[in-house]
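Now for the letters of each chain:
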Amino acid sequence: MISIIKTKYKYCLASLLFSGLIAAVAYFGGISAMDSWLQDVSFQTPRATSGKIVVIGIDEEALAEFGPYSTWDRSIIASALRALAADPEHRPSVVAIDMLHSGTTDSEADSLLADAAEALGCVVTADAASFEKGGRIMEDGTYAYSSYNITGFEEPYKELREVTRQGHINAMHDSDGIMRHAILYIDPPGHERVYSMAYTVASLYAEKHGFSVDEPKTDSLGRFFVSYSAEPGNFYDGVSVSQLINGSCPADYFDDKIVFIGPYAAGLQDLVYAPIDRGGQMYGVEYQANVIEALIAGNYKNEVPEMLQALILFYICFIILLLADLLPLGMTTVICVLTAAGNYGLSLLAYEWGAIFHLLWIPAGIAVVYVSAIVVRYMREFAERRRVTRTFERYVAPEIVKEILKEGTDSLHLGGKLCDIAVLFVDVRGFTSMSERLNPELVVSVLSRYLSATAECIIRNGGTLDKFIGDAAMAFWGAPVQQEDPIFLAVKTAMEIVESVEKLSAELYESIGEHLCVGVGVHFGPAVVGNIGGGIRMDYTAIGDTVNTASRLESKAPGGTVYISRAVADALGDRIKTTSLGTSIKLKGKSNFEVLVLDKIV
C-alpha cells in the first residue's frame with residue numbers, strides 16, 4: 001500500500017511539473033506562429049460591410065495621367081478636394097488623406113490644398129512618428145527601455161494643420177509580420193496625445209451622425225486588436241483620383257460617406273500583410289478602412305490575458321494527466337477529443353462575444369499530454385510484464401541447473417552444440433487489446449495465472465522453459481540432456497496448455513467477463529543449444545531454423561489450436577490425430593511447407 005501511495009505521489013508531482021512546462025512553452029511563444037495562423041483562419045473572415053466607406057485610389061491610372069507621385073505638387077490633391085466639394089447637396093461626411101503633407105513646398109500649391117481643405121470642412125490629414133528600439137529618460141526622470149521609442153514626429157504644415165483634423169498613420173505589425181493590431185494613440189515627446197487617423201475619422205463621422213465611438217481597450221503599446229471586415233479590394237471600386245478630378249465620378253457615389261484618398265499602386269509601397277487574406281497583402285488605405293469599419297460598429301475584441309490562459313492550460317493538462325492514470329485509454333481518448341473540440345467551439349463563441357482566446361494552446365497541450373499518457377501507460381505495462389516474467393524465471397527446468405552443476409562454472413562460457421530438439425511456442429491471442437480494457441493490476445493477475453499454468457505443463461512434461469516473451473513462452477525437449485520421446489512430450493504439453501487455458505478462460509469469463517485463448521506451434525529438427533549471448537549477459541537457449549519455424553507456426557495458429565509440422569506428424573505416426581491444411585498456410589521463408597492441426601492424442 002505504501003509503495004502504491006509513493007508511486008501515485010510521484011506521478012502527481014510529475015504531472016504538475018509537466019503541465020507547468022507545457023503552459024510555460026505556450027506562454028513564452030513556443031507555438032505562437034501556428035496559433036496565430038489558426039486564429040486568422042478561424043476569426044478573420046469576410047462579412048458584410050456598412051457601405052459607409054469608399055476608397056479613391058492614387059492608382060496606376062492617376063500616375064499615368066499626372067506622372068510619378070514624387071513629382072506631384074499639392075495642387076493635385078487640392079483639385080480632388082474641390083471635386084468632392086463641388087456639389088453642396090452631395091458631399092462626403094469625412095475625407096481622410098492617407099499621405100503625409102509635412103513641411104512647405106510650393107507656397108501657391110500649399111495654399112491651394114489648405115484652402116480646398118478648409119472649404120470642404122471635414123478633412124483629416126496625416127501625422128506620423130518615427131520609432132526605434134532603446135532606452136530613454138522619462139518625464140519623471142526614470143530610465144525606461146522600449147522597442148518603440150518615438151524619435152521623431154511629422155505633422156502637416158501649419159496652414160493645412162490649422163484647417164484640418166489630424167490623426168497618425170503609424171502601424172505596428174505582429175512578430176510574424178501580419179497586421180492584426182492598430183495603434184490607437186501615440187505620445188510624441190513634448191506633444192499632446194495623438195490618436196490614429198482611423199479613430200479620428202470614425203469619431204468625426206459619429207459626431208456628425210449623432211453617436212459616439214468608444215475607445216477600444218489597448219495593450220501596453222497602445223494597440224488594439226482589429227477585427228477585419230473586408231478582404232483586399234472590397235473597399236475599392238476602381239475609382240481613381242484622376243476620375244474624381246476629371247468629373248467622371250458621380251457626386252452621389254461619395255454622398256455622406258467616409259472618403260479615403262490614398263495610395264493604391266504597388267510602386268507606392270504602401271502595402272501591409274493582412275490576416276483576413278491569410279497573410280496576403282492589402283493597401284494601407286484598405287487597412288485603415290477595416291479599422292474604421294470596426295470602430296464605427298463598435299466591433300471590439302479584447303485579448304484574454306496570457307497569464308490567465310496559461311493557468312487554464314496548466315489546469316486542463318494536469319486534470320487530463322490525472323484522469324489518464326485512472327481511466328481506460330478509450331475513455332481518456334474521448335475526454336481529450338471532446339475537450340479539444342469544446343475549446344475550439346467555445347473560443348469561436350467567445351470571439352463573437354468580444355474575447356479572444358488562443359485556439360491552439362489547449363489542443364496542442366492536450367495532444368502532448370495524451371501522447372505522454374500513452375507512453376507512460378505502456379511503459380508501466382512493459383515494466384509489469386517484465387516483473388512478472390522475472391518472477392517466473394524460477395520455472396527453469398531442473399535439467400539445466402543439474403547440467404551446469406555437473407559441468408562446473410566453466411560451462412557458463414559462450415557456445416552451444418547442435419542437437420535435434422522439439423520446440424514449442426505458445427502465445428495469447430488478443431492480449432494487447434485485453435490489456436487496454438483492464439487495469440494494470442488485473443492484467444498482471446491474469447498474466448500470472450496463465451504463465452503459471454503454462455510453466456506447470458512444461459515442467460511436468462520434462463521440458464526446458466527457455467523464456468517468457470511478454471505473454472508468449474518458448475520451451476524445448478531433447479536438450480540439454482537427451483530425452484526419451486521428446487516429440488511426444490512436446491505435443492502432449494501443447495494439448496495440456498490449450499486445455500489448461502480453456503479452464504482458466506472459463507473462470508475469467510465468470511469473474512471479469514474476459515476470454516483467454518492461446519495458439520501453439522510445435523516443430524522438430526536440428527538446433528544449436530547452449531549459452532548464447534555476451535560476457536555481460538548470457539541465456540541458455542536454442543537458436544536455428546527449427547526454432548524460427550515453431551515460432552511461425554504458433555503465430556499462424558488460431559486461438560485454441562495447435563499447429564504442427566509434417567516432421568512432427570511423421571515422427572508420431574498414429575499416436576496422434578491430425579488434419580492437414582496442406583500448403584495453404586504460408587510461413588515466412590518457407591515454400592510448400594505443410595501445416596497440420598493437432599486434433600488429439602490417441
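First, a word on what this report is: a plain description of the structure on this page.

Analysis parameters
- Residues numbered from 1 in each chain as written.
- Predicted model: local features only at pLDDT ≥ 70, side-chain atom pairs only at ≥ 80, totals over all residues.
- Heavy atoms only, no water.
- Helix = DSSP H or I, 4+ residues; strand = E, 2+ residues; numbered from the N terminus.
- Rg over C-alpha atoms; globule rule 2.2 N^0.38 Å.
- Buried < 20%, exposed > 50% of the residue type's maximum accessible area, 1.4 Å probe, protein only.
- Axes fitted to C-alpha atoms, helices over the stretch in contact; angles between N-to-C directions.
- Parallel < 35°, antiparallel > 145°, perpendicular 65-115°, else oblique.
- Left-handed = near helix turned anticlockwise from the far one by under 90°.
- Contact = heavy atoms within 4.5 Å.
- Nonpolar A, V, L, I, M, F, W, Y, C, P; charged D, E, K, R; others polar.
- Polar contact = N/O pair within 3.5 Å; in protein donor to acceptor, adjacent residues only side chain to side chain.
- Disulfide = S-S within 2.5 Å.
- Salt bridge = Lys/Arg side-chain N within 4 Å of Asp/Glu carboxyl O.
- Phe/Tyr/Trp six-rings, centres within 6.5 Å; stacked < 30°, edge-to-face > 60°.
- Lys NZ or Arg CZ within 6 Å of the ring centre and 35° of its normal.
- Expected span 1.5 Å × (residues − 1).
- Arc of directions from axis to C-beta.
- Pairing = 2+ DSSP bridges.
- Core = buried A, V, L, I, M, F, W, Y, C linked by side-chain atoms within 4.5 Å.

### Let's talk about the overall build of the protein chain
Argument step 1. A count of helices and strands for the protein chain gives 18 helices and 23 strands.
Argument step 2. The C-alpha atoms of the protein chain give a radius of gyration of 41 Å, which is well past the 25 Å a tight globule of 602 residues would have.
Argument step 3. Taken over the C-alpha atoms alone, the protein chain extends approximately 125 × 60 × 45 Å along its principal axes.
Argument step 4. Per-residue burial for the protein chain yields a buried fraction of 47% across its 602 residues.

### Let's talk about the packing of helix H4 (residues 75-84) against helix H5 (residues 107-120)
Argument step 1. Between H4 and H5, the shortest axis-to-axis distance is 8 Å and the interhelical angle comes to 20°. Of the possible angle classes, the one that applies to H4 and H5 is roughly parallel. Viewed along their axes, H4 and H5 form a crossing whose handedness is left-handed. Listed contacts from H5 to Ser75, Ile77, Ala78, Leu81, Arg82 and Leu84 of H4 are Ala109, Leu112, Leu113, Ala116, Ala117 and Leu120.
Argument step 2. A breakdown of the residues in the contact of H4 with H5 according to their chemical character gives 10 nonpolar, one polar and one charged.

### A closer look at the packing of helix H7 (residues 197-208) against helix H9 (residues 284-297)
Argument step 1. Orientation of H7 relative to H9, taken along the N-to-C sense of each, is 45°, at an axis distance of 9 Å. Taken as axis vectors, H7 and H9 run oblique relative to one another. The interaxial crossing formed by H7 with H9 has right-handed handedness. Side by side, H7 and H9 meet where Met197, Ala198, Tyr199, Val201, Ala202 and Tyr205 of the first sit next to Gln288, Val291, Ile292, Leu295 and Ile296 of the second.
Argument step 2. Grouping the constituent residues of the contact of H7 with H9 by class yields 10 nonpolar, one polar and no charged.

### Structural notes on the environment of Asp174
Argument step 1. As for its position among the elements, Asp174 is in the loop between strand S5 (165-168) and strand S6 (181-183).
Argument step 2. Owing to a relative accessible area of 12%, Asp174 belongs among the buried residues under this scheme.
Argument step 3. Along the sequence, Asp174 and Ser36 sit 138 residues apart, while their C-alpha atoms lie 9.7 Å from each other.
Argument step 4. In this structure the side chain of Asp174 is engaged in a polar contact, spanning 2.9 Å, whose partner is the side chain of His181.

### Brief notes about the state of the cysteines
The term disulfide refers to a covalent linkage connecting the sulfur atoms of a pair of cysteines.
Argument step 1. Summed over all chains, the structure comprises zero disulfides.
Argument step 2. Free of any disulfide, Cys12 has its nearest neighbouring cysteine sulfur in Cys317, separated by 14 Å.
Argument step 3. Free cysteine: Cys457, not disulfide-bonded; nearest cysteine sulfur from Cys517 at 16 Å.
Argument step 4. For Cys457, a relative accessible area of 2% corresponds to the buried category.

### Quick look at the side chain of Asn343
Argument step 1. Of note, Asn343 is situated in helix H11 (residues 329-353).
Argument step 2. Under the relative-accessibility criterion, Asn343 is labelled buried at 12%.
Argument step 3. Apart from residues lying up to four places away in sequence, Asn343 is in contact with Leu359, Ile362 and Pro363.

### Looking at the pattern of salt bridges
Argument step 1. Evaluated as defined, the whole model comprises 19 salt bridges.
Argument step 2. Between Lys158 and Glu162 there is a salt bridge, with the nearest N and O atoms lying 4.0 Å from each other.
Argument step 3. Residue Asp187 is joined to Arg193 by a salt bridge in which the shortest nitrogen-to-oxygen separation is 2.9 Å.
Argument step 4. Accessibility expressed as a relative area gives 42% for Arg193, which makes it partly exposed.
Argument step 5. Sharing partners across several salt bridges, the network here consists of Asp40, Asp174, Asp176, Arg180, Asp219 and Arg223.

### Here's the deal with the packing of aromatic side chains
Argument step 1. For the structure shown, the criterion picks out 12 aromatic pairs.
Argument step 2. Look at Tyr264 and Tyr283: their rings are 4.3 Å apart centre to centre, the planes differ by 35°, and that puts the pair in the tilted class. One end of the pair, Tyr264, is in the loop between strand S11 (258-263) and strand S12 (271-274); the other, Tyr283, is in strand S13 (residues 280-283), and 19 residues separate them in sequence.
Argument step 3. For Tyr264, a relative accessible area of 12% gives the class buried.
Argument step 4. In textbook terms, an aromatic cluster arises when at least three aromatic residues are bridged by ring pairs, as seen for Phe43, Phe225 and Tyr351.
Argument step 5. When the ring centre of Tyr185 is taken as origin, the NZ or CZ atom of Arg193, which lies over that ring, is 3.7 Å away.
Argument step 6. For Lys301, the ring lying beneath its charged end belongs to Tyr351, and the centroid distance is 4.6 Å.

### What to know about helix H17 (residues 545-556)
Argument step 1. A rise of 1.5 Å per residue sets the reference length of H17, with its 12 residues, at 16 Å; its end C-alpha atoms lie 17 Å apart and thus fit the reference within 8%.
Argument step 2. Among the residues of H17, Thr546, Val547, Thr549, Ala550, Leu553 and Glu554 are the ones counted as buried. Take H17 and look down its axis: the buried residues cluster within an arc of 165°, on one side only.

### Quick look at the pairing of strand S23 (residues 595-601)
Argument step 1. As defined by bridge partners, strand S21 (residues 561-565) adjoins S23 across three bridges and the pair is classed as antiparallel. Bridge pairing links Ile564 to Leu596 in S23.
Argument step 2. As defined by bridge partners, strand S22 (residues 576-580) adjoins S23 across five bridges and the pair is classed as antiparallel. By the bridge assignment, Ile576 is partnered in S23 with Ile601.

### Considerations on the nonpolar core
Argument step 1. Tyr450, Leu516, Val518, Val520, Val522, Val562 and Ile564 are the most contacted members of the largest nonpolar core, which totals 44 residues.
Argument step 2. Take this core: its biggest share by element is 12 residues, from helix H16 (residues 486-512).
Argument step 3. Ignoring sequence-local partners within four residues, the contact set of Val562 consists of Ala494, Met495, Val498, Val520, Val522, Leu596, Val597 and Leu598.
Argument step 4. Counting 41 residues, the second-largest nonpolar core is a separate cluster that includes Tyr185, Ala202, Met282 and Ala289.

### Brief notes about the side chain of His101
Argument step 1. Mapped onto the elements of the fold, His101 is located in the loop between strand S2 (94-100) and H5.
Argument step 2. Relative accessible area serves as the criterion here: at 5%, His101 is assigned to the buried category.
Argument step 3. Polar side-chain contacts of His101 include one of 3.4 Å to the backbone oxygen of Met99.
Argument step 4. In this structure His101 touches Arg74, Ile77, Leu113, Glu155, Pro156, Tyr157 and Leu160, once residues within four positions along its chain are discounted.

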